[in-house]
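This is what each chain is made of:
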Amino acid sequence: MDARQAEYLKLLGIQAWCKQEDLPIIQSHLRQGETSETVQRAAAPSTAQAPRARLQDQMASLFDERPSERSNLTREVSSQAKAIAMKPASEERLQVASLGAEQSTSSERSRAESRSSNAFQVEVAPKAPEKIAVKGPFTPTPYQFPVGHSIYTSEFAESIQQCRGCEFSQSRHQATLPRQYPDAPVMIITDIPLKEEMYQGLVLDRSDESFFYQALNRVGFRTEELYITPFIKCRPPELRDVDEAEWHACYAILRQEILTVKPKVIFLLGRNCVKFLLQSELPFESLRLTLHQLTFEGLTIPAVISHSPKVYARNSRLKINFWQDVKFLRRQYLA
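Residues numbered from 1 in each chain as written. Predicted model: local features only at pLDDT ≥ 70, side-chain atom pairs only at ≥ 80, totals over all residues. Heavy atoms only, no water.

With respect to unusual backbone geometry
A negative phi holds for most residues other than glycine; trans holds for most peptide bonds.
Piece 1. Located in the positive-phi region is Lys262, a residue other than glycine, with phi close to 50°.
Piece 2. Among the structural elements, Lys262 can be located in the loop between helix H9 (244-261) and strand E4 (265-269).
Piece 3. Note on Lys262: relative accessible area 54%, which makes it exposed.
Piece 4. At Glu297, a residue that is not glycine, the phi angle is positive and equals roughly 50°.
Piece 5. The residue Glu297 is located in the loop between strand E5 (292-296) and strand E6 (299-306) in this model.
Piece 6. Classification of Glu297 as exposed rests on a relative accessible area of 52%. (Helix = DSSP H or I, 4+ residues; strand = E, 2+ residues; numbered from the N terminus. Buried < 20%, exposed > 50% of the residue type's maximum accessible area, 1.4 Å probe, protein only.)

Some details on helix H6 (residues 154-161)
Piece 1. Those residues of H6 not exposed but buried are Phe156, Ser159, Ile160 and Gln161.
Piece 2. Residues of H6 that are buried sit in contact with H9. (Contact = heavy atoms within 4.5 Å.)

Observations regarding the pairing of E4
Piece 1. With five of its five residues buried, E4 lies for the most part within the structure.
Piece 2. Residue alternation in E4 divides its side chains into two sets, Val265, Phe267 and Leu269 and Ile266 and Leu268, and both sets are buried.
Piece 3. In this sheet, E4 lies alongside strand E2 (residues 186-190) in parallel orientation, the contact comprising four bridges. Counterpart to Met187 in the pairing with E4 is Ile266.
Piece 4. Two strands pair when backbone bridges link them, and E4 and E6 are joined in this way by four bridges, in the parallel orientation. When the bridges of E6 are listed, Ile266 appears paired with Ala303. (Pairing = 2+ DSSP bridges.)

Section: the packing of aromatic side chains
Piece 1. Under the counting rule described, the total for this entry stands at 13 aromatic pairs.
Piece 2. Taking the centre distance of 5.3 Å and the plane angle of 65° together, the rings of Phe221 and Tyr333 count as edge-to-face. Remark: Tyr333 occurs in helix H13 (residues 316-334) and Phe221 occurs in the loop between helix H8 (206-218) and strand E3 (226-230); sequence separation between them is 112 residues.
Piece 3. Residue Tyr333 is classed as buried on the basis of its relative accessible area of 14%.
Piece 4. Put simply, the rings of Phe211, Phe212, Tyr213, Phe267, Tyr312 and Phe322 touch in pairs and so form one group of aromatic residues.
Piece 5. One residue, Lys264, lies across the ring of Tyr333, its end atom 4.9 Å from the ring centre.
Piece 6. Its guanidinium or amino end placed over the ring of Phe221, Arg330 lies 4.9 Å from that ring's centre, counting from NZ or CZ. (Phe/Tyr/Trp six-rings, centres within 6.5 Å; stacked < 30°, edge-to-face > 60°. Lys NZ or Arg CZ within 6 Å of the ring centre and 35° of its normal.)

Overview of the sheet that holds E6
Piece 1. In space, the six strands of this open sheet follow the order E1-E5-E6-E4-E2-E3, with mixed pairing throughout. Whereas interior strands pair on both sides, the edge strands pair on one side only; in this sheet they are strand E1 (121-123) and E3. On average, adjacent strands in this sheet sit at an angle of 30° to one another, irrespective of strand direction.
Piece 2. Here H9 sits on the sheet in contact with E2, E3, E5 and E6, set at roughly 165° to E2.
Piece 3. Strands in contact with helix H10 (residues 271-278) are E1, E2, E4, E5 and E6; relative to E4, the strand with the most contacts, it is inclined by about 130°. (Axes fitted to C-alpha atoms, helices over the stretch in contact; angles between N-to-C directions.)

Considerations on the pattern of salt bridges
Piece 1. Within the structure shown, the criterion is met by six salt bridges.
Piece 2. A salt bridge links Arg222 to Glu225, with the shortest nitrogen-to-oxygen separation between them at 3.7 Å.
Piece 3. Here Arg288 and Asp325 are joined by a salt bridge, their closest N and O atoms 3.0 Å apart. Taken together, the residues Arg288 in the loop between helix H11 (284-287) and E5 and Asp325 in helix H13 connect sequence positions 37 residues apart. Here Arg288 and Asp325 have matching classes, each one buried.
Piece 4. Ionic contacts of the salt-bridge type, sharing partners, join the residues Arg222, Glu224 and Glu225 into one network. (Salt bridge = Lys/Arg side-chain N within 4 Å of Asp/Glu carboxyl O.)

Re H9
Piece 1. The end-to-end C-alpha distance of H9, which contains 18 residues, comes to 25 Å, matching closely the 26 Å that a straight helix rising 1.5 Å per residue would cover.
Piece 2. The axis of H9 is deflected most strongly, by about 40°, at Tyr251.
Piece 3. Buried residues of H9: Ala245, Glu246, Trp247, Ala249, Cys250, Tyr251, Ile253, Leu254, Gln256, Glu257, Ile258 and Val261, and no others.
Piece 4. Contact partners of the buried residues in H9: H6, E2, E3, H10, E5 and E6.
Piece 5. Phi turns positive, to about 50°, at Lys262, one or two residues after H9. (Expected span 1.5 Å × (residues − 1). Bend = angle between axes of the 7 residues up to and from the residue.)

Digging into the nonpolar core
Piece 1. Ranked by internal contacts, the top residues of the largest apolar core, which has 44 residues, are Ile189, Phe231, Ile266, Leu268, Leu277, Leu294 and Phe296.
Piece 2. With eight residues, H9 is the largest single contributor of residues to this core.
Piece 3. Once you skip the residues sitting within four places of it in the chain, Leu268 turns out to touch Ile189, Cys273, Val274, Leu277, Leu278, Leu294, Ala303, Val304, Ile305 and Ser306.
Piece 4. Core analysis: the next-biggest nonpolar cluster, separate from the first, contains 23 residues, Phe212, Tyr213, Phe267 and Tyr333 among them. (Core = buried A, V, L, I, M, F, W, Y, C linked by side-chain atoms within 4.5 Å.)

See below:
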């Protein structure tokens with residue numbers, strides 16, 4: 001910054017910052033300018049403002065300033081601020097009060113519904129999709145695996161990797177396979193596969209395994225007693241919501257797993273998993289610590305829900321909830 005620029009900023013009432021070594025030069029220039037200006041005012045009072053005006057014009061061109069545009073913008077901003085300030089406070093209070101009343105009414109209605117149904121039975125059978133809308137020439141092919149063949153073979157894993165039932169197969173890195181233990185009495189169904197699980201190709205990210213298995217082992221579940229599988233096997237692009245058609249396309253795999261394993265109890269983890277399997281819109285917390293009944297083609301299995309492992313891994317408070325749910329799961333298993 002040179003002396004002329006500093007002088008112009010001072011005329012505009014702006015405090016300018018400059019290098020330390022330039023400060024004596026700028027101060028000297030400003031003192032000379034003040035002395036000459038005083039002499040000119042004493043000699044010709046009527047024309048004293050002319051040099052200042054010319055200097056402002058010169059510096060304005062130097063900095064490419066446009067005073068007219070700046071003043072117009074200032075007036076526009078001030079008018080908008082005045083309009084916001086003139087908004088009646090009573091109107092805002094009325095809007096907030098109505099919103100709070102709606103929220104309290106909906107929460108009371110949800111609590112009443114949850115109290116009226118401590119345990120309810122759900123027939124798990126997804127609605128037939130109207131159409132799977134996919135961009136491009138991709139044509140979905142329904143998943144097929146021979147009935148009666150074992151799901152504990154490499155052919156079953158390969159059939160999941162080759163599934164083209166929905167458009168998720170076009171954006172995935174690979175399908176997420178279950179952790180299988182034959183004849184496991186407990187089936188754990190997890191939420192949408194995480195990015196790490198998609199690249200790992202196996203359900204449950206390694207960073208989530210420690211606390212998850214520790215909690216289950218503490219209440220008496222051995223690893224060999226757990227069949228762990230995601231409710232859909234492909235991660236949606238950009239983790240968008242799963243619609244009914246995509247869930248219907250992937251349900252064929254989960255259905256075959258459940259009918260083969262025939263677990264004694266099912267542990268549902270995560271909001272999306274609960275939404276499609278329980279087919280319930282109740283708040284998530286109201287569904288915890290409650291025994292639910294899932295029916296798959298005449299096979300009825302009790303179910304318990306909890307948070308997704310990735311959620312409680314980031315929130316220490318939710319680890320307490322998960323510990324309570326695991327103990328509740330154990331009681332239902334022993335019942």
